[in-house]
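# Structural overview
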Amino acid sequence: MDLDARLKKIEDRQALQDLLNAYCTAIDSLTDLDGLMNCFTSDAVFDVTGIGLPRFEGQAEVRGFFEQVFGDMPHHAHYITNFTIDRLEENEAFCRNYAIGNGRSKDRQVIKAYVKYNLHFVRTTDGWKIKTFVEDALMPLPDEIAGVHGGD
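Notes on the structure follow.

Cut-offs and rules
- Residue indices begin from 1 for each chain and proceed along its sequence in written order.
- At least 70 in pLDDT is required for a residue's local features to be given in this predicted model, at least 80 for side-chain atom pairs to be given and counted, and no such filter applies to totals for whole chains, interfaces and linings, which use all residues.
- The side-chain quantities take in all heavy atoms of the structure and omit both hydrogens and water.
- Numbering of helices and strands starts at the N terminus; helices are DSSP runs of H or I of at least 4 residues and strands are runs of E of at least 2.
- The buried label applies to any residue whose accessible area, calculated with a 1.4 Å probe on protein chains only, is under 20% of its type's maximum; exposed applies above 50%, and partly exposed to all values in between.
- For accessible areas, the Shrake-Rupley method is used with a probe of radius 1.4 Å. Any residue's cover is judged against the shown protein chains and nothing else.
- The charge count treats Lys and Arg as positive and Asp and Glu as negative. His and the chain ends do not count.
- The location of each charge is read from NZ of Lys, CZ of Arg, CG of Asp or CD of Glu.
- For patch detection, residues must exceed 30% relative accessible area and be free of salt bridges, and they are connected within 9 Å for like charges or within 5 Å for nonpolar side chains (Val, Leu, Ile, Met, Phe, Trp, Tyr).
- Whenever a carboxyl oxygen of Asp or Glu lies within 4 Å of a side-chain nitrogen of Lys or Arg, that contact is scored as a salt bridge.
- Every residue pair with non-hydrogen atoms within 4.5 Å of one another is taken to be in contact.
- We define a polar contact as two N or O atoms separated by no more than 3.5 Å, with the added condition that, inside protein, one atom must be a possible hydrogen donor and the other a possible acceptor, whereas residues neighbouring each other in sequence contribute only through side-chain atom pairs.
- Between the first and last residue of a helix there are one fewer steps than residues, each counted as 1.5 Å, and that sum is the expected span.
- At least two bridges found by DSSP between two strands are what make those strands a pair.
- The axes used here are C-alpha line fits, helices contributing only the stretch in contact, and every angle between their N-to-C directions lies in the interval 0 to 180 degrees.
- It is the directions from the helix axis to the C-beta atoms whose arc is reported.

### Comments concerning the overall build of the chain
- Scanning the chain from N- to C-terminus turns up four helices and six strands.
- For the chain, the succession of helices and strands along the chain, N to C, is α-α-β-β-α-β-β-β-β-α.
- Across its three principal axes, the chain shows a C-alpha extent of roughly 55 × 30 × 25 Å.
- The buried share among the 152 residues of the chain stands at 38%.
- For the chain, the accessible surface area stands at approximately 8,100 Å², while carbon and sulfur atoms represent 50% of it.
- Across the chain, the 16 positively charged side chains and the 25 negatively charged ones have centroids separated by 4 Å.

### What about a nonpolar patch on the surface?
- Taken together, the side chains of Tyr98, Tyr114, Leu138 and Met139 define a hydrophobic patch exposed on the protein surface, amounting to about 360 Å² of accessible area.
- As for its position among the elements, Leu138 is in the loop between strand 6 (127-137) and helix 4 (144-149).

### Some remarks on the environment of Met1
- Within the secondary structure, Met1 sits in the segment before helix 1 (3-29).
- Judged by relative accessible area, which is 66%, Met1 ranks as exposed.
- Residues Met1 and Arg55, 54 residues apart in the sequence, show an inter-C-alpha distance of 39 Å.
- Excluding residues that lie within four positions of it along the chain, Met1 makes contacts with Arg6 and Lys9.

### A few points about the side chain of His76
- Relative to the assigned elements, His76 resides in strand 3 (residues 75-88).
- Here the side chain of His76 touches Ile27 through a polar contact of 3.4 Å, landing on its backbone oxygen.
- Not counting residues within four places of it along the chain, the set of residues in contact with His76 comprises Ile27, Asp28, Leu30, Val69, Asn102 and Gly103.

### Details of helix 1
- The end-to-end C-alpha separation of helix 1 is 38 Å, in line with the 39 Å expected for 27 residues at 1.5 Å each.
- Of the residues one or two after helix 1, Leu30 is the one with positive phi, at around 60°.

### Some thoughts on the sheet that holds strand 3
- Overall, mixed pairing links the six strands, which are arranged 2-1-6-5-4-3 in an open sheet. One side of each edge strand has no neighbouring strand; the edge strands of this open sheet are strand 2 (55-57) and strand 3. Taking each pair of neighbouring strands and ignoring which way they run, the sheet shows an average axis angle of 20°.
- Pairing between strand 3 and strand 4 (residues 92-104): eleven bridges, direction antiparallel. Bridging across to strand 4, Thr84 finds its partner in Arg96.
- Strand contacts of helix 1: strand 1 (40-50), strand 3, strand 4, strand 5 (110-124) and strand 6, with the helix running at about 155° to strand 3, the strand carrying the most contacts.

### Description of helix 3 (residues 58-72)
- Compared with an ideal rise of 1.5 Å per residue, which puts 15 residues at 21 Å, helix 3 spans 22 Å between its outermost C-alpha atoms and is within 8% of the ideal.
- Listed in full, the buried residues belonging to helix 3 are Gly58, Val62, Phe65, Phe66, Val69 and Phe70. End-on view of helix 3: buried residues confined to an arc of 135°, all on one side of the axis.

What follows is the structure, encoded as structure tokens:
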């Protein structure tokens, strides 16, 4: 692999990690809905069935879910680790990472979840975006997740 190709791979990796950080920062702000939605493609799929919540398709559905989350939660903190690129091509990437999500609802329910994100990114004219976000549990989940976020 020549120097230009190696540099491009490093730049893409950093851009993907930066996008994931932007996602977590926007979620934890509990106010930056536009910044959060800027992380996704217009036809994004946000699938949280792996933690007992619904699957959302398209920006309108994803935005609606996060409007509810932002309304329900006065406190959020997400920590991400183990970022792994499984496949990186010219205009798409498949990655995964672990996340620890902490929160407290307005009615003082405390949530701590250990999950894995499975991510499909695509390169757009505005840079990398999340096309598919699938979240699965790594550890048993607290019952409060469905109660606070409207799952089954």
